[in-house]
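# Structural overview
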Amino acid sequence: MINSELSLLEELENLKKDFNSTVDKLAKDLKRNYKTMERSDKQQTREFLKLKALNKEIEDTQKEIIFTLGAIGESRSKETGNHVKRVAEYSKILALKYGISEADAEQLKQASPMHDIGKIAIPDAILNKPARLTFDEFEKMKEHAHLGNEMLRHSNRPLLKLAAIVAYEHHEKWDGSGYPQGTAGEDINIYGRITALADVFDALGSERVYKPAWEDERIWKLFKEEKGKHFDPKLIDIFFENIDLFLEVRDRLKDTIT
Ligand SMILES: [Fe+2]
Ligand SMILES: [Fe+2]
């Protein structure tokens, strides 16, 4: 059901893109001919350009709010703002190399920082426990995927719909042993599969309350072992084939010690 809703939204998104490029072209033509226009046409052109700028401002604000919300979700669990930035970049690289269009990969980049937004509703004692969680605590923690989906899925905005999918499916595993639904293989939305890998890569390489940062060799070993188990095998291949791109992002957006 989610998939069909998403394809409809993709169509809408494509229409919006076409519309935006027509508006951009029109704005360019109007600017070029501005000098030779009648006074009333000049007035209308100025109004049009003002509206266009306002529209851009609204879109930029929307993106920034999404990003900020994602950072709030992560900061509850003492993760740095850069974690969501890195996950966003890794997700886009994986999406592009997987063959997803630039526009859709960019949408994923904007939506993936929201993957843990559901953690807002998880108690601090569990989120920041500096030790292994008990079975019951872990069950509670797992609810963040479902909660994130519930927070976002009612929106009609394509970006938030996509963020809902990512929040819901980023803990599913390729072999069906993940949560909350236990879906497997390509039944897991590609955006969920991508964010899962991006999130785990960043989490392993970063220090957390319950663990130190892992050495690269240990991460590579785990990824090879988990190919076709936790992770989509094709995405693991893409990861190793493009490892330089991921390391460049990790380096550029590394956590600054405060
Ligand atoms: Fe999560
Ligand atoms: Fe995360």
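Scroll up to find the structure.
Let me begin by describing the structure that accompanies this report. (Residues numbered from 1 in each chain as written. Chains lettered and ligands numbered in written order. Predicted model: local features only at pLDDT ≥ 70, side-chain atom pairs only at ≥ 80, totals over all residues.)

### Some details on the overall build of the protein
In terms of helices and strands, the protein carries 11 helices and zero strands. In the protein, the succession of helices and strands from N to C terminus is α-α-α-α-α-α-α-α-α-α-α. In terms of principal-axis extent, the alpha carbons of the protein reach across some 75 × 45 × 40 Å. Across the 258 residues of the protein, 31% fall into the buried class. Here the contacts in the protein between residues at least 6 apart in sequence split such that 67% fall between residues at least 24 apart. (Helix = DSSP H or I, 4+ residues; strand = E, 2+ residues; numbered from the N terminus. Buried ≥ 20, exposed ≤ 12 C-beta atoms within 10 Å, placed from the backbone. Contact = placed C-beta atoms within 7 Å.)

### Quick look at helix H10 (residues 233–241)
For H10, the complete set of buried residues consists of Leu235, Ile238 and Phe239. The arc that holds every buried residue of H10, seen down its axis, measures 100°, which confines them to one face. Facing away from the buried side of H10, by more than 90 degrees, are the exposed residues Asp237, Phe240 and Glu241. (Arc of directions from axis to C-beta.)

### Re the environment of aspartate 216
Along the chain, aspartate 216 falls in helix H9 (residues 216–226). In this structure the C-alpha to C-alpha distance between aspartate 216 and lysine 52, which are 164 residues apart in sequence, comes to 46 Å.

### Some points on the environment of isoleucine 243
Mapped onto the elements, isoleucine 243 comes out in helix H11 (residues 243–252). Here the alpha-carbon distance between isoleucine 243 and glutamate 89, two residues 154 residues apart in the chain, equals 13 Å.

### Considerations on the nonpolar core
What tends to happen in soluble globular proteins is that the nonpolar side chains get buried as a cluster. Grouped together as the largest cluster of nonpolar side chains are 41 residues, with contacts concentrated most on Leu94, Ala163, Ala167, Ile194 and Leu197. Counting residues per element, this core draws most heavily on helix H7 (residues 158–169), which supplies nine residues. (Core = buried A, V, L, I, M, F, W, Y, C linked by C-beta atoms within 7 Å.)

### Looking at the packing of H7 against helix H8 (residues 190–205)
Contact pair H7 / H8: the axes reach a minimum separation of 8 Å and the direction vectors enclose 60°. When the axes of H7 and H8 are compared, the pair comes out oblique. For the element pair H7 and H8, the recorded crossing hand is right-handed. Counted together, Leu162, Ile165, Val166 and Glu169 of H7 and Tyr191, Gly192 and Thr195 of H8 form the full contact between these two elements. Among the residues making up the contact of H7 with H8, the classes are represented as four nonpolar, two polar and one charged. (Axes fitted to C-alpha atoms, helices over the stretch in contact; angles between N-to-C directions. Parallel < 35°, antiparallel > 145°, perpendicular 65-115°, else oblique. Left-handed = near helix turned anticlockwise from the far one by under 90°. Nonpolar A, V, L, I, M, F, W, Y, C, P; charged D, E, K, R; others polar.)

### Examining the environment of glutamine 44
Within the secondary structure layout, glutamine 44 lies in helix H2 (residues 39–76). When the C-alpha positions of glutamine 44 and asparagine 128 are compared, they lie 56 Å apart, and in sequence the two are 84 residues distant.

### Observations regarding the packing of helix H4 (residues 102–111) against H7
Here H4 crosses H7 at 65°, and the two axes come no closer than 9 Å. Regarding the angle of H4 to H7, the classification is roughly perpendicular. Between H4 and H7 the crossing geometry is right-handed. Residue-level contacts link Gln107, Leu108, Gln110 and Ala111 of H4 to Leu159, Leu162, Ala163 and Val166 of H7. Tallied by class, the residues present in the contact of H4 with H7 amount to six nonpolar, two polar and no charged.

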